[in-house]
Amino acid sequence: MTEQWSLSSAAESSSKTFDAMNAKAHTSGPWEIGRHATPESFPQFGIYAANGNGRDLAHVVSHGTADSAETQANARLIAAAPEMLEALRNVAEIMSGAD
């Protein structure tokens, strides 16, 4: 069964998502990536907090591709999440005052 999409449900969902983002239940940034010691044919990257304990927050692996550049780009995108969240919060703050 597919879910029906509407503008009002999207707006409500976005509002709930933004409220959840404001709760700051995630590991503080900045986040960095590091290549795991895996064969070139199966690239894996770890994402970790730069000021943390060195343990991975997430693993990015190639699924069906040996394209290390694509896998690394995916890891970089995920690692940028704290900065993107901060930018989104800044935009939301500016927009909330733009009546």
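See above for the structure.
Model, not experiment: these values are computed from the prediction. (Residues numbered from 1 in each chain as written. Predicted model: local features only at pLDDT ≥ 70, side-chain atom pairs only at ≥ 80, totals over all residues. Heavy atoms only, no water.)

Draft legend 1. Layout of the overall build of the chain. Across its full length, the chain carries three helices and three strands. Ordered by position from N to C terminus, the α and β elements of the chain give α-β-β-β-α-α. For the chain, buried positions account for 17% of its 99 residues. Contacts in the chain between residues far apart in sequence, at least 24 positions, make up 35% of those at least 6 positions apart. When the accessible surface of the chain is summed, it comes to about 7100 Å², and 57% of that surface belongs to carbon and sulfur atoms. (Helix = DSSP H or I, 4+ residues; strand = E, 2+ residues; numbered from the N terminus. Buried < 20%, exposed > 50% of the residue type's maximum accessible area, 1.4 Å probe, protein only. Contact = heavy atoms within 4.5 Å. Areas by Shrake-Rupley, 256 points an atom, 1.4 Å probe, with all protein chains shown as cover.)

Draft legend 2. Spotlight on a nonpolar patch on the surface. A surface patch of nonpolar side chains, about 320 Å² in accessible area, is lined by Val91, Ile94 and Met95. Its place among the elements puts isoleucine 94 in helix α3 (residues 81-96). (Patch = residues over 30% accessible without salt bridge, like charges linked within 9 Å, V, L, I, M, F, W, Y side chains within 5 Å. Salt bridge = Lys/Arg side-chain N within 4 Å of Asp/Glu carboxyl O.)

Draft legend 3. Molecular detail of the side chain of threonine 71. Secondary-structure assignment places threonine 71 in helix α2 (residues 68-79). Classification of threonine 71 by relative accessible area gives buried; the value is 3%. If we ignore the near neighbours within four places in the chain, the residues touching threonine 71 are Pro43, Phe45, Val60, Val61 and Ser62.

Draft legend 4. Broad picture of the environment of isoleucine 47. Positionally, isoleucine 47 belongs in strand β2 (residues 44-49). In the structure, isoleucine 47 is positioned eleven residues away from alanine 58 in sequence and 5.2 Å away in space, judged by C-alpha atoms. Residues in contact with isoleucine 47, not counting those within four places in the same chain, are Trp31, Glu32, Ile33, Arg55, Asp56, Leu57, Ala58, Val60, Ala75, Ile78 and Ala79.

Draft legend 5. View of the nonpolar core. Among the nonpolar cores identified, the biggest contains seven residues, and these are Trp31, Phe45, Ile47, Ala49, Val60, Ala75 and Ala79. Elements supplying a minimum of two residues to this core: β2 and α2. Among the elements that line this core, the one with the most residues is β2, at three residues. (Core = buried A, V, L, I, M, F, W, Y, C linked by side-chain atoms within 4.5 Å.)

Draft legend 6. Focus on α3. Relative to the 22 Å expected for 16 residues at 1.5 Å per residue, α3 spans 22 Å between its end C-alpha atoms, a close match to the ideal helical length. Within α3, the full set of buried residues consists of Pro82, Leu85 and Arg89. Along the axis of α3, the buried positions cluster into a sector of 55 degrees, meaning they face one direction only. Residues of α3 that are exposed and point more than 90 degrees away from the buried face comprise Ile94 and Met95. (Expected span 1.5 Å × (residues − 1). Arc of directions from axis to C-beta.)

Draft legend 7. How the structure looks around unusual backbone geometry. Look at the link from glycine 29 to proline 30: it is a cis peptide, with omega at 0 degrees. Residue position: proline 30 is located in the loop between α1 (7-22) and β1 (31-35).

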